[in-house]
Amino acid sequence: QISYTAWTDPTSMPKTGNYYLMTDVVSANQNSTQAGTLNLCLHGHKVTVAENADRRRIYFVNSNTTMNISDCAGNGTVSGCTAGAILTNGSGKNVEVNLYGGTFTDNHATGTGATFVIQGQGTLRMYDGIITGNTAKSGAGVAIYGKDAKLFMYGGTIEKNQVTAQGGGLYVSEGTAQLSGGTVAGNEAQHGGGFYVTGNAAYVNVQGAEVTGNTAS
C-alpha cells in the first residue's frame, strides 16, 4: 500500500515520490521528473501552467522514471498547456507513464501533440482517465513518436479532440499503439479522425477498444 504525502505548493508539481494535491496548481514552468517513481493523485484539483512560463507544459518525464497519475477524489483536471501537457524525454530510456484517472482538457498546440507526447523509449499505459476537448495541428489526444515509443490503451476515453491535419485522437509516427479497451470517439481531423498512422515501423492494433463517431474531412 502506498503512503501519500499532501502537496501544498500552488506554483509547482512534485518531481518524485508519492503525493496527493491539496490545492489547485498553476505551475510556473515545466516540471522535470527525477529518476524513480512518481505517484501523483490529482485529488479533484485543477492543474494548469502559468501564461508566462517558458515552456507551457506540466511535465517533462526523464529517463528511468515511472509516473503514475490518478484522481482519488474525482473531477481533477490538467489544462492550459500549449507544448504538450506531458512530454517524455526523446533520448530517454525506461520512461513509463501510467494513467489511472483525471481529465486532460483544454490543451492546445500549434504543432503536433497537445496532451500526451510519448517519444524516445517512452510508454504510455492508459487504464482510465479522459482526454477530451484538446486541439493541435496533429495528435491532439496522444502523439507517439519513434519506433520505440508505445501506447497501450486498456481503458479510459479519448474523445472530442480536434486537429487541423492528422490524427484527432491518436497520431502514431513509427511507434506502436495497441488498443485493447477504452473508447476513442468523436474526434475530428482532416485525415484520420480517430487515429492517423505514418512511417514504415508504425503499428496499430485495435482489438477490444471502441472506436466510433470519429470524422475526417
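Residues numbered from 1 in each chain as written. Predicted model: local features only at pLDDT ≥ 70, side-chain atom pairs only at ≥ 80, totals over all residues. Heavy atoms only, no water.

Caption draft 1: Structural context of the state of the cysteines. Under the counting rule described, the total for this entry stands at 1 disulfide. Each sulfur of the disulfide joining Cys-41 and Cys-72 lies 1.9 Å from the other. Residues Cys-41 and Cys-72 are joined by a disulfide whose S-S torsion is about -110°; by sign, that bridge is left-handed. Note that Cys-41 is positioned in strand 5 (residues 36–41) and Cys-72 in the loop between strand 8 (65–70) and strand 9 (77–78), a separation of 31 residues in sequence. For Cys-41, a relative accessible area of 1% puts it in the buried group. Residue Cys-72 is classed as exposed on the basis of its relative accessible area of 54%. Residue Cys-81 stays outside any disulfide, its sulfur separated by 18 Å from that of Cys-41, the closest cysteine. (Disulfide = S-S within 2.5 Å. Helix = DSSP H or I, 4+ residues; strand = E, 2+ residues; numbered from the N terminus. Buried < 20%, exposed > 50% of the residue type's maximum accessible area, 1.4 Å probe, protein only.)

Caption draft 2: Examining the environment of Tyr-203 more closely. Within the secondary structure, Tyr-203 sits in strand 26 (residues 203–206). The class of Tyr-203 is partly exposed, set by a relative accessible area of 41%. Along the chain, Tyr-203 and Val-172 lie 31 residues apart, while their C-alpha atoms are 8.0 Å from each other. Excluding anything up to four places from it in sequence, Tyr-203 contacts Gly-175, Thr-176, Ala-177 and Gln-178. (Contact = heavy atoms within 4.5 Å.)

Caption draft 3: Molecular detail of the sheet that holds strand 14 (residues 122–126). Judged by pairing direction, the sheet is parallel, and its 9 strands sit side by side in the order 1-2-5-8-11-14-18-22-26 without closing on themselves. Only two strands of the sheet have a single partner each, and these edge strands are strand 1 (5–7) and strand 26. For this sheet, the mean angle separating the axes of adjacent strands, direction not counted, is 15°. Here 4 bridges tie strand 14 to strand 18 (residues 150–153), and the two strands are oriented parallel to one another. Bridging from a neighbouring strand, Thr-123 pairs with Lys-150 of strand 18. (Pairing = 2+ DSSP bridges. Axes fitted to C-alpha atoms, helices over the stretch in contact; angles between N-to-C directions.)

Caption draft 4: Examining empty space enclosed by the protein more closely. Overall, the coordinates contain 1 cavity of 30 Å³ or more when judged by the stated rule. In this structure, the largest cavity occupies an estimated 60 Å³ of space. If you go around the largest cavity, the residues you meet are Met-13, Leu-40, Leu-42, Val-47, Ile-58, Tyr-59, Met-67, Ile-69, Val-78, Ala-85, Ile-86 and Phe-104. Residues of the lining of the largest cavity, tallied by class, amount to 12 nonpolar, no polar and no charged. (1 Å grid on protein atoms, 1.4 Å probe; cavity = no way out; pocket = protein on both sides within 12 Å on 5 of 7 lines; lining within 4 Å. Points joined across faces, edges and corners; volume = space filled by probe spheres on them. Nonpolar A, V, L, I, M, F, W, Y, C, P; charged D, E, K, R; others polar.)

Caption draft 5: Structural detail: the sheet that holds strand 17 (residues 142–145). In spatial order, the strands read 4-7-10-13-17-21-25; together these 7 strands make up an open sheet with parallel pairing. What marks the edges here is a single partner per strand, and that holds for strand 4 (31–32) and strand 25 (195–198). Bridge analysis of strand 21 (residues 170–173) against strand 25 gives 4 bridges, and the strand direction is parallel. Bridge pairing in strand 25 links Ser-173 to Thr-198.

Keep in mind these values describe shape, not function.
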